[in-house]
Amino acid sequence: MKKVSKAIKAFIAILKKPYLLNAVLNSEELLELEFQVLFPSANEKKQISFSTLFPLEKDVNVYPYSFLSGSSLATDFALLQLLCKKIEAEDYFEIGTWRGESVANVAPYVKNCFTLNLSDDVMLKKGLDKSYIQMHRFYSEGIKNVTHLFGDSKYYDYSGLNKKFDLIFIDGDHHTESVKSDTSMLFPFLKNEKSVIVWHDAKLDTETCRYEVLMGIYQGMPQETHKHIYLVENTLCAIYWPYDLAFSKLVKNTSPENTFDIQLRIKK
Ligand SMILES: C[S@@+](CC[C@H](N)C(=O)[O-])C[C@H]1O[C@@H](n2cnc3c(N)ncnc32)[C@H](O)[C@@H]1O
């Protein structure tokens, strides 16, 4: 279709359904341009590898792993586990429980886990599918050191927990405004100078940034921490790692720095 007729067709579609404008305004192409203007120093897309972060670690047992739709990558859970060991984390906090897969992966490596999610009632009122709601906490229910918290992360009273955290995993609502709000609200709850934040879905796939989420991360974190925000190779995660580390730049189609050997065990 010619450009002019395409433009007319798009204009008519937007007149009929104005919400379609959001698809344009929230497109990753536009967000990338906006991100480059707002955070020029982050444009080099600093990425760290497993072997840089964990030079001594070779084996990780990712369990449970559902291989179901919407699940994180096995490397995302491996990252969380290895971080817990490396920083000797005792207290873990996450936004976004869903099946409880991430928190169940972390639980064996820390003393206390807190996981916050919208309550089942609220999700029901939002019109979400019952079968989806029923899958919440599937893996985490009953794990002794996991506390399930219910509420909207935007309005949750985190100070009421009287706790600070070694590792915070942000994996709730991935819209920019929500990531920004979750990040700025939780940053003050990092326990000490070694404490870490991991954001999920900062990439669309392991080689492609997701600017919708990156924008929220950079907007939510204090300016002086920006130099220590990295993407993590082979995962969908970004990390606030409060030290300088050797990094490469995220460029598509480069040779992998690490290759993984996966053995599958099927459990019923
Ligand atoms: C991507 S899933 C989390 C996956 C989980 N971390 C895992 O690995 O198994 C996101 C979850 O965040 C929850 N969520 C979305 N918006 C939220 C909000 N504003 N407050 C709390 N939870 C929210 C959703 O109900 C959903 O269960």
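Located above this text is the structure these notes cover.
Notes on the structure follow. Here the structure is a predicted model, which is why all the values come from computation and not from measurement.

**Observations concerning the overall build of the protein**
From N to C terminus, the protein includes 10 helices and 11 strands. Against the 2.2 N^0.38 benchmark of 18 Å for 268 residues, the protein shows a C-alpha radius of gyration of 20 Å, consistent with a compact globule. Its C-alpha atoms put the protein at 60 × 45 × 40 Å along the principal axes. In the protein, buried positions account for 46% of the 268 residues. A sequence separation of at least 24 residues applies to 72% of the contacts in the protein between residues at least 6 apart.

**A look at the site of the ligand**
The local shell around the ligand holds 20 residues, among which Gly 96, Ser 102, His 136, Ser 153 and Asp 171 are the closest. One nitrogen or oxygen atom from the main chain of Glu 101 is found 3.3 Å from an oxygen atom belonging to the ligand. In this structure, Asp 171 approaches the ligand through a side-chain N or O atom, which is 2.8 Å from a nitrogen atom. Isolated, the ligand exposes 610 Å² of accessible area, and the fraction of that covered by the protein chains is 90%. Residues belonging to the shell around the ligand are distributed by class as follows: five nonpolar, 11 polar and four charged.

**Description of the packing of aromatic side chains**
Enumeration according to the criterion identifies 17 aromatic pairs in this entry. On the basis of an interplanar angle of 65° and a centroid distance of 5.8 Å, the ring pair of Trp 241 and Tyr 243 is categorised as edge-to-face. The buried category is assigned to Trp 241, whose relative accessible area is 5%. A relative accessible area of 34% means that Tyr 243 is categorised as partly exposed. Taken together, the ring pairs in this structure connect Phe 93, Phe 114, Tyr 156, Tyr 158, Phe 165 and Phe 189 into an aromatic cluster. Lying across the ring of Trp 98, Arg 99 places its NZ or CZ 4.1 Å from the centre. Across from the ring centre of Tyr 63, 4.6 Å away, lies the NZ or CZ of Lys 267, which sits over that ring.

**Details of helix H5 (residues 74-86)**
With 13 residues, H5 should reach 18 Å at 1.5 Å per residue; the first-to-last C-alpha distance of 18 Å fits that figure. Most of H5 is tucked away: 10 of the 13 residues are buried. Along H5, the positions that sit buried rather than exposed are Thr 75, Asp 76, Phe 77, Ala 78, Leu 79, Leu 80, Gln 81, Leu 82, Leu 83 and Cys 84. Glu 88 lies just past H5 and shows a positive phi near 50°.

**Considerations on the nonpolar core**
The biggest cluster of nonpolar side chains holds 35 residues, and the ones touching the most others in it are Phe 93, Trp 199, Leu 214 and Ile 217. The leading source of residues in this core is helix H10 (residues 211-220), at six residues. Filtering out sequence-adjacent residues up to four positions away, Phe 93 remains in contact with Phe 114, Leu 116, Leu 149, Tyr 158, Leu 161, Phe 165, Leu 167, Ile 168, Phe 169 and Leu 186.

**Some thoughts on the pairing of strand S5 (residues 167-170)**
Look at any regular strand and the pattern is simple: side chains alternate between the two faces of the sheet. Here S5 shows no split at all, with Leu 167 and Phe 169 on one side and Ile 168 and Ile 170 on the other all buried. Pairing of strand S2 (residues 91-95) with S5 involves four bridges; the strand directions are parallel. When the bridges of S5 are listed, Glu 94 appears paired with Phe 169. Summarising the sheet, S5 and strand S6 (residues 196-199) pair through four bridges and their orientation is parallel.

**Quick notes on the pattern of salt bridges**
One pass over the full model with this rule turns up nine salt bridges. For Lys 191, the salt bridge is made with Asp 91, and the minimal N-O distance between the two is 2.7 Å. Pair noted here: Lys 191 is in the loop between helix H9 (176-186) and S6 and Asp 91 is in strand S2, with a separation of 100 residues, a long-range link. Here Asp 91 falls in the buried class, since its relative accessible area comes to 5%.

The rules we used
- Residues numbered from 1 in each chain as written.
- Predicted model: local features only at pLDDT ≥ 70, side-chain atom pairs only at ≥ 80, totals over all residues.
- Heavy atoms only, no water.
- Helix = DSSP H or I, 4+ residues; strand = E, 2+ residues; numbered from the N terminus.
- Rg over C-alpha atoms; globule rule 2.2 N^0.38 Å.
- Buried < 20%, exposed > 50% of the residue type's maximum accessible area, 1.4 Å probe, protein only.
- Contact = heavy atoms within 4.5 Å.
- Near = heavy atom within 4 Å.
- Polar contact = N/O pair within 3.5 Å; in protein donor to acceptor, adjacent residues only side chain to side chain.
- Areas by Shrake-Rupley, 256 points an atom, 1.4 Å probe, with all protein chains shown as cover.
- Nonpolar A, V, L, I, M, F, W, Y, C, P; charged D, E, K, R; others polar.
- Phe/Tyr/Trp six-rings, centres within 6.5 Å; stacked < 30°, edge-to-face > 60°.
- Lys NZ or Arg CZ within 6 Å of the ring centre and 35° of its normal.
- Expected span 1.5 Å × (residues − 1).
- Core = buried A, V, L, I, M, F, W, Y, C linked by side-chain atoms within 4.5 Å.
- Pairing = 2+ DSSP bridges.
- Salt bridge = Lys/Arg side-chain N within 4 Å of Asp/Glu carboxyl O.

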